[in-house]
Amino acid sequence: MVLVEARDLKKYFPVEKGVIERILARKVRYVRAVDNVSLEVGKGETLALVGESGSGKSTLGRLLVRLLDPDGGTITFNGIDITRLKGEKLRKLRRRFQIIFQDPYASLNPRMVVGEQIAQPLTELELASASEAKSEALKILKSVGLVPPEDFYNKYPHQLSGGQRQRVAIARALIVKPDFIVADEPVSMLDVSIRASILDILETFKRELSLSTLFITHDLAVARLVGEKLAIMYLGKIVEEGPTEDILEKPLHPYTKALIDSIPSIRKREKSKLGLKDVTPDPVNPPEGCRLYPRCPFATEECKLREPKLETIKGRRVACHYPLQ
Amino acid sequence: MLSQTILKYPGSIKIAVGALIVSIIALLALTSPIIAPYDPTRSVGTPFIPPSREHLMGTDHLGFDVFSRIIWGARTVLQVVVSATITALIVGVTLGVVSGYYGGILDRVFSMIMDSLYAFPSLILAIAIAAVLGPSPYNAAIAISVVYIPVYYRMVRGQTLAIKAQLFVEAAKASGVRDRVIMARYVLPNIAHTIFVVASLNIADAILTEAGLSFLGLTVSPPTPDWGFDLRIGQRFLLLGYWWLSVFPGLAIMVLALGFALIGEGLSDRLQIRAIR
Amino acid sequence: MALLSIDGLSVHYYTLSGIVRAVDDVSLNLELGEWVSIVGESGSGKSTLGFSTIRLTPPPGRIVGGSIVFNGVDIVKAPDSVLRKIRGREISMIFQDPMTSLDPLRTVGSQLKEVVEDHGIGRGKEAGEIAKRGLLSVGLPENAFYSYPHQLSGGQRQRVAIAIATVLRPKLLIADEPTTALDVIVQKSIMDLLEDYNRKGMSVLLITHDVALASERSRKIAVMYAGELVEFGDTRSVIEDPLHPYTQLLIRSVPDVVGEKRLTYIPGEPPDLRRPPSGCRFHPRCPFADSMCKVERPKQTVISGRAVLCHYAGTVKVRD
């Protein structure tokens, strides 16, 4: 069953310009951060969304929890259209969907004890009284491994390490028992030796709450650990989507293959390594046909002229005129 | 040990000296009935007695004791300036946070009003308002607070814009926290330290404005003791050689302003170091 | 004789809140033409070690002991004038953010030309030609010569930084997390470029948090933990048969796109180096720690050509 569904979602950010340019140029130019993206996250399912910087993956995540207003398309949550939801109605619905950010140093209020920050969503959404919220906060502190919880409750963020702060952020997002969370690169700022402990906590909650997750990451190896399904994003568009192991085993899109081949691995891999040209795509003026064609070694005239559509091949969706065999 | 503390808490010398000055003057104001040797509103000797053992700072043209008037005058200046600053702070900070947080038309209207107020030289604006309202300590306080509201507003609005862009505000919003709670618990505490710096630097300025107003006779009516007023009167006799009539009130104004300015500078030194760390 | 030989190096930071023992008694050798990677997590002292190698320890840090001998010169004791000649000409460095070594207001070409002229390799037109060749050799198009840094992508800027660092043909390049801010596809091409230089004889000291990256590129790996060098040896043997418990656990916690899926982590957090743990610094997180590890500091032991800092080196093994 589908919990979250996005259809043709768009988000265009106007480009900041200098004063003279603003006077001379009439047309406002846009960065098409998310451009006609459709995706689904099923109940209890984790979809790993992988992309490089500037691919629009974080924007997509923020759109789904309505921290940004979409410029087009629809978002449906559990059958309810939440695309244009506003004000108090939107705030009340926030109990159902939450977000965890990448930077645990910036996502906590430096001047409030962490316990209070964890308890606050409960009281603010009128789900518990102040004293109930406090005991709930202590409970969840314990389950994210911050023991003894009484000690951690009264600490300020600067007294905690990065890993501990990320645990706090997770506790704050999950204390309201949401149905869906967006985890926006939750471990990429943490050291590798403690990464898995954070993923472990998310995994436990996922099972307990039958949580649906959109796990955003730039690291395919992490994506592989968390997501049954995988979506690869490039320049505002999804280029490939399907079951994680299938894609890693046999990528169909050249970009996906280049991504897999570029990841350093401690295990020996003997494979043809596909490289892409180091051309920076301009997100304001993306290539007209396929967005990858200036970098793709297989590009033809057709790729330059015609944009490939996401089409279903072998149980996955691929946007390429010449999918790899 | 001491040098370590100073290194660790830069600005602490400035803060200590400033606080000492301000608290001595505040103490004078609180205890003026006890420590002032004479009634400041009655002639207690012949006019123009130079500083002596009976009259530490001499007497003025009416035979009032200058020392007693200085001590009682501390009350006037502190009452007017402190109440004006608190008013300006509350109004300016509230409007600044709301305006910066919500943005939109509300923000534009407030910003326009505040900018136009800010465009006036502060003393001239205060004089104009006080003149329209009529001379009284209350009106002087109102005039001074109106002058300084834009200072707080602009600073707080700018800071609010910066804090609003921080991830923790977005995170709070995403977790369902109400806007007014975000303003009160997320924005305000994170700009409070700058507000204190600006406030203490501002009080120093407000003291000079108050002195300016009373110099023009726009705060209290004679013979209520008031430093600015006494300075103006005393200045007339300066060329006749009766320097003590104006020098002592002038010094008092200077020292009090210096006290607050030191506190403000010390606090800002400390903040800058914190920012670097 | 080794090109670079670090012996018993200790670097401390004298902060207001105490002395941070960022690098403690570290010894390391690098042969001419070799690629050595220093791997460690944040706060392990790997970057401090890198900077100290050319005596650019950031204040309030100070080298408090040991020696660094490069090509016969003791860098720790060398006079500034000697050091200036070594830096840039014999040892150069690139950083995570290439903008630290680029001037945003001048074209890439003029900056590269300046380096050439400053070191008296060429003048005027000739210097320009050398600079242009330098840009081509790092894989940049010719017109990059007239570009300003902000007109280039992150990967291209790092290429410029590499061009500047290598134009004088140094013997050793220290690369401090050069690809951490870049996407993986670009990372690969930058690493390929460094590998080219390495093949042509330039030694590389790569400082990175990425064990997998180090394992793919380097001859030898040095693993740092809490300011100490816990294991140092040939890459393949370190990766395939790690001897130190920290290395064993670290390698197991690296996620991979191939092989079995597992979620392994090291419990606890790295220590505060103002108050490092007694005995072995890894003992609070080590599954094999006993009373001796708590009290006695392990000495470096060499087992089949590998230096390991553990009381039980070679006898303990983390099991699945």
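Below or above, wherever it landed, is the structure these notes cover. Predicted model, so just to flag it, every value in this text is computed and none were measured.

Residues and elements named next belong to chain B. Between helix H4 (residues 66–102) and helix H5 (residues 104–119), the shortest axis-to-axis distance is 7 Å and the interhelical angle comes to 135 degrees. When the axes of H4 and H5 are compared, the pair comes out oblique. Of the two possible hands of crossing, H4 and H5 adopt the one that is left-handed. Here Leu 95, Val 98, Ser 99, Gly 100 and Tyr 102 of H4 come into contact with H5, specifically with Gly 104, Leu 106, Asp 107, Phe 110, Ser 111 and Met 114.

A word on the interface of chain A and chain B. At the interface, 25 residues of chain A touch 17 residues of chain B. Taken together, the two surfaces of chain A and chain B that pack against each other cover about 1900 Å², and 50% of this comes from carbon and sulfur. Across the chain A-chain B interface, the total number found is four salt bridges. Arg 178 of chain B serves as the salt-bridge partner of Glu 124 of chain A, at 3.2 Å between the closest nitrogen and oxygen. Only strand E6 (97–100) and helix H4 (114–124) of chain A provide two or more residues apiece to the side of chain A that touches chain B. No other element matches the six residues that H4 of chain A contributes to the side of chain A that touches chain B. Residue classes in the side of chain A that touches chain B are distributed as ten nonpolar, six polar and nine charged.

For the rest of this paragraph, the subject is the pattern of salt bridges. Residues and elements named next belong to chain C. All chains considered together, the criterion is met by 51 salt bridges over all chains. Residues Lys 171 and Glu 90 are paired through a salt bridge, measuring 3.4 Å at the closest nitrogen-oxygen approach. Of this pair, Lys 171 sits in the loop between helix H5 (154–166) and strand E7 (172–176) while Glu 90 is found in the loop between helix H2 (80–86) and strand E6 (91–94), placing the two residues 81 residues apart along the sequence. On the accessibility criterion, Lys 171 (32% relative accessible area) is partly exposed. One salt-bridge network, held together by shared partners, links Lys 188, Asp 192, Glu 195, Asp 196, Arg 199 and Arg 217.

Across the contact, 40 residues belong to chain C and 37 residues belong to chain A. When chain C packs against chain A, the two sides together hide about 3700 Å² of surface, and 57% of this comes from carbon and sulfur. On the chain C side of the contact with chain A, Ile 185, Val 257 and Leu 263 of chain C bury the most area, a combined 20% of that side's loss. Summed over the shared surface of chain C and chain A, the result is two salt bridges. When the shortest N-O distance is used, the salt bridge between Glu 245 of chain A and Lys 261 of chain C registers 3.8 Å. Applying the counting rule to chain C against chain A returns 15 residue pairs in polar contact (both at pLDDT 80 or more). Contributing elements (two or more residues each) for the side of chain C that touches chain A: H5, helix H6 (184–199), helix H7 (211–217), helix H8 (235–240) and helix H9 (245–252) of chain C. For the side of chain C that touches chain A, the element with the most residues is H6 of chain C, which contributes six residues. Among the residues making up the side of chain C that touches chain A, the classes are represented as 16 nonpolar, eleven polar and 13 charged.

With that out of the way, let us pick up the environment of Leu 106 of chain B. All names here are of chain B. Here Leu 106 shows up in helix H5. The exposure class of Leu 106 is partly exposed, given its relative accessible area of 39%. Considered as a pair, Leu 106 and Tyr 118 are twelve residues apart in the sequence and their alpha carbons are 18 Å apart.

On to the nonpolar core, then. All names here are of chain B. Judged by nonpolar contacts, the single largest core of 69 residues is most densely connected at Ile 182, Ile 207, Trp 227 and Leu 256. Of all the elements in the fold, those that place two or more residues in this core are helix H2 (12–30), H4, helix H6 (122–133), helix H7 (137–164), helix H8 (167–174), helix H9 (179–215), helix H10 (227–236) and helix H11 (244–276). Counting residues per element, this core draws most heavily on H9, at 15 residues. What Ile 182 contacts, discounting residues up to four positions off in sequence, is Tyr 101, Val 169, Ala 172, Lys 173, Val 177 and Val 187.

Let's shift gears to the packing of aromatic side chains. Counting across every chain of the model gives 15 aromatic pairs over all chains. Taking 5.2 Å as the distance between ring centres and 70 degrees as the angle between the ring planes, the aromatic pair formed by Phe 77 of chain A and Phe 97 of chain A counts as edge-to-face. Of the two residues, Phe 77 of chain A sits in strand E4 (residues 72–77) while Phe 97 of chain A sits in strand E6, which places them 20 residues apart along the sequence. By the burial criterion, Phe 77 of chain A is buried, and Phe 97 of chain A matches it. Geometrically, the ring pair formed by Tyr 242 of chain B and Trp 244 of chain B is edge-to-face, given 5.8 Å between the ring centres and 65 degrees between the ring planes. Taken together through their ring pairs, the aromatic side chains of Phe 48, Phe 237, Tyr 242, Trp 243, Trp 244 and Phe 248 of chain B make up a single cluster. Taking the ring centre of Phe 145 of chain C as reference, the NZ or CZ of Lys 132 of chain C above it sits at 5.0 Å. Against the face of Tyr 197 of chain C rests Lys 200 of chain C, its NZ or CZ located 5.4 Å from the ring centre.

A word on the pairing of strand E9 (residues 220–225) of chain C. Residue and element names in this part refer to chain C. Most of E9 is tucked away: six of the six residues are buried. Residues Lys 220, Ala 222 and Met 224 of E9 are buried on one face, and the alternating residues Ile 221, Val 223 and Tyr 225, pointing to the opposite face, are buried as well. Sheet topology note: the strand E3 (residues 35–39)/E9 ladder contains four bridges and is parallel. Across the sheet, the residue bridging to Val 39 is Val 223, located in E9.

Residues and elements named next belong to chain A. When you tally the buried positions in strand E7 (residues 180–184), you get five out of five residues, the bulk of the element. What you see with E7 is no split at all: Phe 180, Val 182 and Asp 184 on one side and Ile 181 and Ala 183 on the other are buried throughout. As defined by bridge partners, E6 adjoins E7 across four bridges and the pair is classed as parallel. Paired with Gln 98 across the two strands is Ile 181, which belongs to E7. With five bridges connecting them, E7 and strand E8 (residues 212–217) associate as parallel partners. Bridged to Ala 183 within E8 is Phe 215. After leaving E7, the chain enters helix H8 (residues 192–209) and then returns to the sheet as E8, a path that is right-handed.

Basis of the calculations
- Residues numbered from 1 in each chain as written.
- Chains lettered and ligands numbered in written order.
- Predicted model: local features only at pLDDT ≥ 70, side-chain atom pairs only at ≥ 80, totals over all residues.
- Heavy atoms only, no water.
- Axes fitted to C-alpha atoms, helices over the stretch in contact; angles between N-to-C directions.
- Helix = DSSP H or I, 4+ residues; strand = E, 2+ residues; numbered from the N terminus.
- Parallel < 35°, antiparallel > 145°, perpendicular 65-115°, else oblique.
- Left-handed = near helix turned anticlockwise from the far one by under 90°.
- Contact = heavy atoms within 4.5 Å.
- Buried area = accessible area lost by both parts, 1.4 Å probe.
- Salt bridge = Lys/Arg side-chain N within 4 Å of Asp/Glu carboxyl O.
- Nonpolar A, V, L, I, M, F, W, Y, C, P; charged D, E, K, R; others polar.
- Buried < 20%, exposed > 50% of the residue type's maximum accessible area, 1.4 Å probe, protein only.
- Polar contact = N/O pair within 3.5 Å; in protein donor to acceptor, adjacent residues only side chain to side chain.
- Core = buried A, V, L, I, M, F, W, Y, C linked by side-chain atoms within 4.5 Å.
- Phe/Tyr/Trp six-rings, centres within 6.5 Å; stacked < 30°, edge-to-face > 60°.
- Lys NZ or Arg CZ within 6 Å of the ring centre and 35° of its normal.
- Pairing = 2+ DSSP bridges.
- Right-handed = clockwise from strand over helix to strand, strands pointing away.

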